[in-house]
Each structure stands twice: as C-alpha cells, then as structure tokens.
Amino acid sequence: MTAPETRAPTHDADPEILRERALAALITARARTALLTSAVDEPDLTAQHSPLMSPLVWDLAHIGNQEELWLLRNVAGREAMRPEIDGLYDAFEHPRSERPSLPLLPPEEARRYLAEVRGRALDVLEGSDFHGTRLTEAGFAFGMIAQHEQQHDETMLITHQLRRGPAVLSAPDPSPAPLFTGPDEVLVPGGEFMMGTSTEPWALDNERPAHRRVVPPFHIDTTPVTNGAYQAFIDDGGYEDERWWTARGWDHIRAHGITAPLFWRRDGRQWLRRRFGVTEVVPADEPVLHVCWYEADAYARWAGRRLPTEAEWEKAARHDPVTGRSTRYPWGDADPTPDHANLGQRHLRPAPAGSYPEGASPLGVRQLIGDVWEWTSSDFLPYPGFAAFPYKEYSEVFFGPEYKVLRGGSFAVDQVACRGTFRNWDYPIRRQIFSGFRTARDASPEAV
C-alpha cells in the first residue's frame, strides 16, 4: 500500500511561526518587485517591450490591487481603497496587448498605492489568528499573495529579458560545478505513488487533492537537456526535418521561421545568445532555455525518446522508494537552501547540468527544482476531486488541451512559488518563458 504524502511542517504551526513565515515571504517578494522596477527609468516602466507582456508599471499596480482585494477586502472585510482601478488591473478584462492604452497609474502613484496597501496588509497580518475560514487557515491568503507577487516578479524578469538595450540587472553566476560524469538516465520503478497534496498549507487549488497514481517503469534524464545536446539536434538538421515534429509544431516553426531557441543567433561556427542585455557564447553545459513545447517534443523524438508525463515527472521528483512516501521536494521535506537548487533570481541563468547534488532525488535525478521550467507531455487538467479555490480564474478556466504542463520551476522562481507539487502551464508555442526540458523513455515491464 502506498504511504501517504508528507505533511508540511508548518501546517499545524502556532500563529507566531505562521506570522513570521508569511511576513518573510511578503517582504522577500516586495524587495524583488522593487529591484525589478527600480532598475529601469520611467519610459522603460511604461513601455510595452513585447505584445506578449504587460508594461512593467501594470504589473506593479496589479500586485497591489490583488493584495488589497484579498488581504484587505476579503480577509479583513475593509472597504475598497480605489475601486475605480479594479477593472484596469483585472487580468481577464484586458489582454496584455491592450494594457499600454489604459489609463494606468503612473509609476510614482503606483508605488505609493503599493506601499499604502502593504502597510494596511501588515496590520491585518499582525492581528490574524489564522483560523476561521479557508482563506485564513494556516495563513493561506498571505501565502497566496506572496506567491502571486513572486509569479509577477518572474513575469517582469521575462519582460527584462525581452527588453532591448544595455544590461540593467546583475547577479553573480552560479558556482562552477565539476563536469557531471554520472549516468545519463535513471530508472524510476513502476508502481503506485501519491501525487498532488492535501496537506501543504499554501498549495494552490490545481495541486490538490492528493491522489494515488500508478506509473509504469520508465527512464528519465538525470539532468535537463543541455545547450550542447540541443546544438547537436540543430546541427543534424532537426529544424528542417518534418519527421520529428507534430503537424502543428511543424506548421508553427515554418510559419515563424524558427531555427533555434529564442534569443540565439549563429555567428560563424558558434552560437551566441542575448541574456538580459548581454551577448555571450551559448554555454554548452547549461540546460537549454527558451524553447517551446514543440521544440522540446521534436528534440525528444529525434533522440529516440519522449517527454515525461506530468505524473512521471512528479514521481521522479517526490517518490521515495525506501519509505514509499511522497516528499515535499526531491531532497526531502526541508525548505530549499542555496545548496539544494537555483531559485529566487540569485543568479540570472541556469547552473551547469549536474549541479546541486544535495538537491538530488533519492534515485539520483538532479535539478528537478529550479534552473529551468520543464515541459511535460501532459495537458493541463484537474486532478480527481478538484475544487476551485478561492476563485475559478486561477486554474479552472485554463483546464484543457490548449495548455501543456511545466514542472519544477526555474532560476527566476522563488521558493514560495515552487514545490514538488507546483504546476505551471502555458501554450505549446511559448518561448519567452524560462523553459527547458528533460526526456524519458519506457522501461521493460519487469522493472518494478
């Protein structure tokens, strides 16, 4: 019988511990927001750097508006501070391409609004006992808002990558790692495991509930696919060979002239890439970045493999074959540290493949958390017993075959918005996101 999932250590914590955790998450998110919006001048804040993205100033006020909506109005029951702007910052009311034409709050006014909301929200946090409603239980609403802000911080970092001009952001590179000489793949035994969560207090609705899944045995790459490996696909004519592509993928790359990952260009015999305003030689040992689902799927076919399903990815990341439990992270139940994973925008690039041995799963799979979001073969669908909370627009309206699931987070993801159960999703054409992948293959049935 499959053992249950591990209960998150903060689930039954006393109010002071929950308060400290929520405060730390909110402060960390706000510091990052300030960094991303102070690094550029006002014209760059109000400009739309790509029709795929909002102006940075929209994200700035939207963060404050959502914090006001959930912490001040829904949790504390207070009157709306600025009800006239709700529509401007409703992500479903105005597509990103229209947002530059809206009467948005100017940068300084947006910052004042953000600060005033935060001051009042901290008062609410100080007086909360974290009981009474699902929103307040275990500090969920505060965790949801910290995750929301960090998700928009990642979106703003994507905008910085799309922005033209000199570099304005800086961060140290990941520590050099010894050349990884371990096995190329790991066997994950078949059988039952517990997928999703019913105990992680800040998990979002699409991660719930925990449920049993049976996964046949499979092999999965020990590390994400690297730039060097992906260059071999390019050099072998992968973008010119229809055999490796789905019909829609082939039509898409031909229609848009795609011949390499986004931000790459060939210079003689070498590949260069643009990374946050810096042009550099593509490092062969880093996980490949800025590829869409169609590109990941085509590479896997070319390599004689496939993309893992979402269930396979999570079993590789969470299942401990010794105890039978599903842990919170590949390395166990402890929150991430810099020794476990490349998270939180500490670096502005993935770490070399094979880094972070302390973050490996019990079976030895590395970098399942952080570095790059990993495309899976799965459509974004609800788990059995799914219930939308606290609003349908977070997950439910996106369920269906139009979106593919990504797992694991990237260097741009903060730990509050990244766990072994966390699910991301996007259109299979998306490449501006910090997306990569690893491949898998079926194993013989006796590998149980």
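Residues numbered from 1 in each chain as written. Predicted model: local features only at pLDDT ≥ 70, side-chain atom pairs only at ≥ 80, totals over all residues. Heavy atoms only, no water.

1. Notes on the overall build of the protein
Line of reasoning, step 1. In terms of helices and strands, the protein carries nine helices and 12 strands.
Line of reasoning, step 2. Relative to the globule expectation of 22 Å for 448 residues, the C-alpha radius of gyration of the protein, 22 Å, shows essentially globular dimensions.
Line of reasoning, step 3. Expressed as lengths along the three principal axes of its C-alpha atoms, the size of the protein is roughly 60 × 55 × 40 Å.
Line of reasoning, step 4. About 18100 Å² of surface is accessible on the protein, with carbon and sulfur atoms providing 53% of the total.
Line of reasoning, step 5. For the protein, the separation between the mean place of its 48 positive charges and that of its 65 negative charges on side chains is 3 Å. (Helix = DSSP H or I, 4+ residues; strand = E, 2+ residues; numbered from the N terminus. Rg over C-alpha atoms; globule rule 2.2 N^0.38 Å. Areas by Shrake-Rupley, 256 points an atom, 1.4 Å probe, with all protein chains shown as cover. Lys, Arg positive; Asp, Glu negative; His and termini not counted. Charge placed at Lys NZ, Arg CZ, Asp CG, Glu CD.)

2. Focus on the confidence of the model for the protein
Line of reasoning, step 1. Confidence in the prediction of the protein, expressed as mean pLDDT, is 96, and 97% of residues score 70 or more.
Line of reasoning, step 2. Model confidence for the protein, summarised as mean pLDDT per element, is weakest for helix 2 (residues 42–46) at 96 and strongest for helix 8 (residues 293–302) at 99. (pLDDT = per-residue confidence, 0-100.)

3. Quick look at the sheet that holds strand 8 (residues 373–380)
The strands making up a sheet associate through hydrogen bonds between their backbones, and the pairing can be parallel or antiparallel.
Line of reasoning, step 1. If you walk across this open sheet you meet the four strands as 10-9-8-11, and the pairing is mixed. Taken across any chain shown, the strands that pair with only one partner, and hence form the sheet edges, are strand 10 (423–426) and strand 11 (435–436).
Line of reasoning, step 2. Taken together, the four bridges between strand 9 (residues 400–407) and strand 10 define a ladder with antiparallel strand orientation. Note on strand 10: the bridge partner recorded for L406 is N424. (Pairing = 2+ DSSP bridges.)

4. Brief notes about the sheet that holds strand 6 (residues 270–275)
Line of reasoning, step 1. Strand order across the open sheet formed by three strands is 5-6-7, with antiparallel pairing between neighbours. Sheet topology places strand 5 (264–267) and strand 7 (278–281) at the edges, where each strand pairs with a single neighbour. This sheet shows a mean twist of 35° between the axes of neighbouring strands, independent of strand direction.
Line of reasoning, step 2. Note: strand 5 against strand 6, four bridges, orientation antiparallel. Bridged to D267 within strand 6 is Q270. (Axes fitted to C-alpha atoms, helices over the stretch in contact; angles between N-to-C directions.)

5. With respect to the packing of helix 3 (residues 56–75) against helix 5 (residues 140–162)
Line of reasoning, step 1. Here helix 3 crosses helix 5 at 175°, and the two axes come no closer than 10 Å. Taken as axis vectors, helix 3 and helix 5 run roughly antiparallel relative to one another. Within the contact between the two elements, helix 3 uses L56, W58, D59, H62, I63, Q66, E67, W70, L71 and V75 and helix 5 uses A141, F142, M144, I145, H148, E149, H152, D153, T155, M156, T159 and H160.
Line of reasoning, step 2. The residue makeup of the contact of helix 3 with helix 5, split by class, is 11 nonpolar, seven polar and four charged. (Parallel < 35°, antiparallel > 145°, perpendicular 65-115°, else oblique. Contact = heavy atoms within 4.5 Å. Nonpolar A, V, L, I, M, F, W, Y, C, P; charged D, E, K, R; others polar.)

6. Some remarks on the packing of aromatic side chains
Aromatic rings in a pair are described by how distant their centres are and how their planes are angled relative to each other.
Line of reasoning, step 1. Tallied over the full model, the rule gives 30 aromatic pairs.
Line of reasoning, step 2. With a centroid separation of 6.4 Å and 75° between ring planes, the pair formed by Y230 and F437 is classed as edge-to-face. With a gap of 207 residues between them, Y230 in helix 6 (residues 227–235) and F437 in the loop between strand 11 and strand 12 (440–442) connect regions that are remote in the sequence.
Line of reasoning, step 3. The exposure class of F437 is buried, given its relative accessible area of 0%. (Phe/Tyr/Trp six-rings, centres within 6.5 Å; stacked < 30°, edge-to-face > 60°. Buried < 20%, exposed > 50% of the residue type's maximum accessible area, 1.4 Å probe, protein only.)

7. Some thoughts on the pairing of strand 7
Line of reasoning, step 1. As defined by bridge partners, strand 6 adjoins strand 7 across four bridges and the pair is classed as antiparallel. Its bridge partner being in strand 7, R273 is matched across the sheet by E280.
Line of reasoning, step 2. Between strand 6 and strand 7, which follow one another and run antiparallel, lie two residues, and F276 among them has a positive phi close to 50°.

8. Some words on the environment of V291
Line of reasoning, step 1. Turning to its location among the elements, V291 is positioned in the loop between strand 7 and helix 8.
Line of reasoning, step 2. Spatially, the C-alpha atoms of V291 and G436 are 6.1 Å apart, while their sequence positions differ by 145 residues.
Line of reasoning, step 3. Setting aside anything within four residues of it in sequence, one finds V291 in contact with Y230, P261, W375, R430, R431, S435, G436 and F437.

9. Observations concerning a negative patch on the surface
Line of reasoning, step 1. On the surface, a cluster of negative charge is made up of D90, E93, E393 and E396.
Line of reasoning, step 2. Residue placement: E93 occurs in the loop between helix 3 and helix 4 (107–127). (Patch = residues over 30% accessible without salt bridge, like charges linked within 9 Å, V, L, I, M, F, W, Y side chains within 5 Å. Salt bridge = Lys/Arg side-chain N within 4 Å of Asp/Glu carboxyl O.)

10. Considerations on the pattern of salt bridges
Line of reasoning, step 1. The final tally for this structure, using the stated rule, is 38 salt bridges.
Line of reasoning, step 2. Between R120 and E116 there is a salt bridge, with the nearest N and O atoms lying 2.6 Å from each other. With R120 and E116 both in helix 4, this residue pair falls four residues apart, about one helical turn.
Line of reasoning, step 3. Among the salt bridges present, the one from R430 reaches D426, with a minimum N-O distance of 3.7 Å.

11. Observations regarding the packing of helix 1 (residues 15–38) against helix 3
Line of reasoning, step 1. Closest axis-to-axis distance for the helix 1/helix 3 pair is 11 Å, and the angle between their directions is 155°. The angle between helix 1 and helix 3 falls in the class roughly antiparallel. Across from R30, T33 and T37 in helix 1, the residues of helix 3 making contact are L60, I63 and E67.
Line of reasoning, step 2. Looking at the contact of helix 1 with helix 3, its residues break down into two nonpolar, two polar and two charged.

12. Focus: the environment of F422
Line of reasoning, step 1. Structurally, F422 is set in the loop between strand 9 and strand 10.
Line of reasoning, step 2. Sequence separation between F422 and N206 is 216 residues; the distance between their C-alpha atoms is 8.3 Å.

13. Notes on unusual backbone geometry
Line of reasoning, step 1. Residues R208 and P209 are joined by a peptide bond in cis, for which omega reads -10°.
Line of reasoning, step 2. In this chain, F389 is followed by P390 through a cis amide linkage whose omega measures -5°.
Line of reasoning, step 3. Looking at the secondary structure, you find P390 in the loop between strand 8 and strand 9.
Line of reasoning, step 4. Unlike most non-glycine residues, F263 shows phi in positive territory, near 80°.
Line of reasoning, step 5. The residue F263 is located in the loop between helix 7 (247–256) and strand 5 in this model.
Line of reasoning, step 6. Phi at F276 takes a positive value of approximately 50°, unusual for a residue other than glycine.
Line of reasoning, step 7. Mapped onto the fold, F276 is located in the loop between strand 6 and strand 7.

14. Considerations on the environment of P217
Line of reasoning, step 1. Following the sequence through the fold, P217 ends up in the loop between strand 3 (211–215) and strand 4 (218–221).
Line of reasoning, step 2. The class of P217 is buried, set by a relative accessible area of 11%.
Line of reasoning, step 3. In this structure the C-alpha to C-alpha distance between P217 and E312, which are 95 residues apart in sequence, comes to 9.0 Å.

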